[in-house]
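Descriptive analysis of the structure
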Amino acid sequence: MGYWSDWSIPILVTAAAGFTYITTLLILALCHIAVGQQMNLHWLHKVGLMVTLMATVVTVSSIAQLWDDEWEMVVISIQATAPFLHIGALAVVTALSWLIAGQFARMEKATSQMLMFTTYFAVLVALYLIPLTVSSPCIMEKKDLGPKPAIIGHRGAPMLAPENTLMSFQKAVEQKTYGVQADITISYDGVPFLMHDRTLRRTTNVKKVFPERAKEHSSMFNWTDLERLNAGEWFLESDPFWTAGSLSDSDYLQAANQSVCKLADMLQIAKDNTSVILNFQDLPHDHPYYSTYINITLQTILESGIQQQAVMWLPNTERQLVRQIAPGFRQTSDIKVDAARLRDKGIKLLTLRYTKVTHEDIREYTAANLSVNLYVVNEPWLYSILWCAGVQSVTSDSSQILSKVPFPIWLLPPEEYNLIWITADLISFTIIVGVFIFQKWRLGSIRTYNPEQIMLSAAVRRSSRDVKIMKEKLIFSEINSGMENADDLSLYSENGYSNEAIAPMGRRDMKLRVD
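Here's a quick rundown of the structure. Note that the structure is predicted; figures quoted are calculated from it, not measured.

Further remarks concern the layout of surface pockets. One water molecule sets the probe size; rolling that probe over the atoms shows where empty space is left. Computed from the structure, the second largest pocket encloses a volume of approximately 330 Å³. Around the second largest pocket sit 18 residues that line it, and I76, Q79, V357, T358 and H359 are the ones nearest its centre. Secondary structure elements with two or more residues in the lining of the second largest pocket: α3 (72-106), α14 (359-367) and α15 (380-389). In terms of residue count, α3 provides more of the lining of the second largest pocket than any other element does, four residues in total. Each of domain 1 (7-136 + 413-446) and domain 2 (150-403) contributes no fewer than three residues to the lining of the second largest pocket.

Pasting the structure below:
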């Protein structure tokens, strides 16, 4: 888009607000059920619920269309959280058993009781058995855990310095990363430099220096023009990772004065210190070096003095030529195919988005002596899951964070996991059975459950006109429920109220006197 926009923040804030609102209403509804009161939702809340529902549908539909591949993240998230989600869900369903059992005991129709019990029991059984359908790479024996995945700095260390600048690669080397990844393009006069985007708008001040050329392809600028651009101010202004404020004064000043980086300058930093993954940006067909940019880039790499084994070559273009000129390069692919085809093409490393491979894929590639690198991995929990899955390396924006992860966040042997799972299920089941028995014993003899009785029992023990009115309503309610044949009815109150006996008589002549 030519600018940095942290669109995830408004989406997450809106989702959090809607979730909090719905959760609050749900808790209030459960409180009403717990005390037997009717739920009369205010019209404002009805409007709020409809607005929340429509906003959710629209947002989810939009995200599904714009970022459809992100749904695969759900599976990985469940792998990371399944044991904890299971225990949390058990706690919630077990706590709800008090309300369910209470409603069950109050119901007079056997069909209603059976429907409620069957539904609740089905949910309970499904929850008890759901761990059978969920697996996680981190449910494994500790002795089977592979080595810690190597970390490759994505465009250097972009959380600590502007991406694809000399400072960024220097910071990555200081973090002792296994390698760095860089995006290469060729200037109009044949100088290889580092730039990820097709234009210079996002990561330079080209709109200020060359406003009429801001939307031109980055490769259509001469190197003399590129040298005039600032490639660091955007990082401090946009603060894409919320890290600019943590920079020291010297780092802040250095970041503000970064310029577009030559490939040759980056290689001087990387050689003897780290490996590099090199990727290319497609050039326009009218570029003067469209047909020779591979040769120019290879010449620049070989002249830098970096060891060929330290170069991971990603572009699929002219692989045969690259093998002839630089046979020591590690041929790398970003296309997922079966291991046999990759070996036939001489591929040594496969680099893919982490949502595109499964635990089984990783094992298959590893068995075929193929290294797997996944990108872009920034969170320790995700790094832990991939570590358990056997990934050899990850490309990351947060090398300074992942380098400090000494061990997967959680790792459970299968026997321990099964013990936790079964024990939690048994405890939940025992509590639920006890709650149902107690609620049936406590409420089983009550045939009716009218609001006046509840309100009367909840009233403050003091004399008031409201208490008297509630007592009168209660008396009439009991008379109309079949107490015409009673010999007498006496109601005594600790508040000083007394009602005289009511002798049985016809409805027309019946009188009630309340003192």
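The subject of this paragraph is empty space enclosed by the protein. On inspection of all chains with the given rule, the structure shows four cavities of 30 Å³ or more. Empty space within the second largest cavity amounts to approximately 40 Å³. What lines the second largest cavity is simply E163, N164, L194, M195, T203, A231, V260 and C261. Residue composition of the lining of the second largest cavity, grouped by class: five nonpolar, two polar and one charged.

The subject of this paragraph is the packing of aromatic side chains. In this structure the tally under the stated criterion is 16 aromatic pairs. Ring centres of F104 and F117 lie 6.2 Å apart, and the angle between their planes is 50 degrees; on these two criteria the pair is classed as tilted. You can see F104 sitting in helix α3 and its partner F117 sitting in helix α4 (residues 110-129), a full 13 residues away along the chain. Seen from their ring centres, W234 and F235 are 6.1 Å apart, and the 80 degrees between their planes marks the pair as edge-to-face. Judged by relative accessible area, which is 7%, W234 ranks as buried. Following the ring pairs from residue to residue traces out a cluster consisting of F104, F117, Y120, F121 and F436. The ring of W234 is capped by R202, whose NZ or CZ atom sits 5.6 Å from the centre of that ring.

With that out of the way, let us pick up unusual backbone geometry. A cis amide bond links Y375 with the next residue in sequence, V376, at an omega value of -25 degrees. Position of V376 relative to the elements: it lies in the loop between β8 (371-375) and α15. Although it is not a glycine, R155 sits at a positive phi angle of roughly 60 degrees. By secondary structure assignment, the location of R155 is in the loop between β1 (150-154) and α5 (166-174).

Moving on, we get to the packing of α3 against α4. Their axes nearest at 11 Å, the elements α3 and α4 cross at an angle of 170 degrees. Taken together, the axes of α3 and α4 lie roughly antiparallel to each other. On α4, the residues that touch H86, A89, L90, V93, T94, S97, I100, Q103 and F104 of α3 are Q113, M116, F117, Y120, L124, L127 and Y128.

What follows concerns the pattern of salt bridges. Applying the stated rule across the entire model yields 12 salt bridges. D251 serves as the salt-bridge partner of K171, at 2.9 Å between the closest nitrogen and oxygen. Residue K171 is located in helix α5, and its partner D251 is located in helix α9 (residues 249-256); the two are separated by 80 residues in the primary sequence. The class for D251 is buried, based on a relative accessible area of 16%. The residue R213 makes a salt bridge to D225 at a minimum N-O spacing of 3.4 Å. Pair noted here: R213 is in the loop between α6 (206-209) and α7 (223-226) and D225 is in helix α7, with a separation of 12 residues, a long-range link. Each member of the pair, R213 as well as D225, carries the same accessibility label: buried. In this structure, a network of salt bridges that share partners links the residues R155, E163, D183, D197 and R202.

A separate point is the side chain of S136. In this fold, S136 is placed in the loop between α4 and β1. Residue S136 is classed as buried on the basis of its relative accessible area, which comes to 9%. In terms of polar contacts, S136 uses its side chain to reach the backbone carbonyl oxygen of Q79, at 2.7 Å. Apart from residues no more than four positions distant in its own chain, S136 is found in contact with Q79, I385 and W410.

Criteria and thresholds
Residues numbered from 1 in each chain as written. Predicted model: local features only at pLDDT ≥ 70, side-chain atom pairs only at ≥ 80, totals over all residues. Heavy atoms only, no water. 1 Å grid on protein atoms, 1.4 Å probe; cavity = no way out; pocket = protein on both sides within 12 Å on 5 of 7 lines; lining within 4 Å. Points joined across faces, edges and corners; volume = space filled by probe spheres on them. Helix = DSSP H or I, 4+ residues; strand = E, 2+ residues; numbered from the N terminus. Domains from an automatic or database assignment. Nonpolar A, V, L, I, M, F, W, Y, C, P; charged D, E, K, R; others polar. Phe/Tyr/Trp six-rings, centres within 6.5 Å; stacked < 30°, edge-to-face > 60°. Buried < 20%, exposed > 50% of the residue type's maximum accessible area, 1.4 Å probe, protein only. Lys NZ or Arg CZ within 6 Å of the ring centre and 35° of its normal. Axes fitted to C-alpha atoms, helices over the stretch in contact; angles between N-to-C directions. Parallel < 35°, antiparallel > 145°, perpendicular 65-115°, else oblique. Contact = heavy atoms within 4.5 Å. Salt bridge = Lys/Arg side-chain N within 4 Å of Asp/Glu carboxyl O. Polar contact = N/O pair within 3.5 Å; in protein donor to acceptor, adjacent residues only side chain to side chain.

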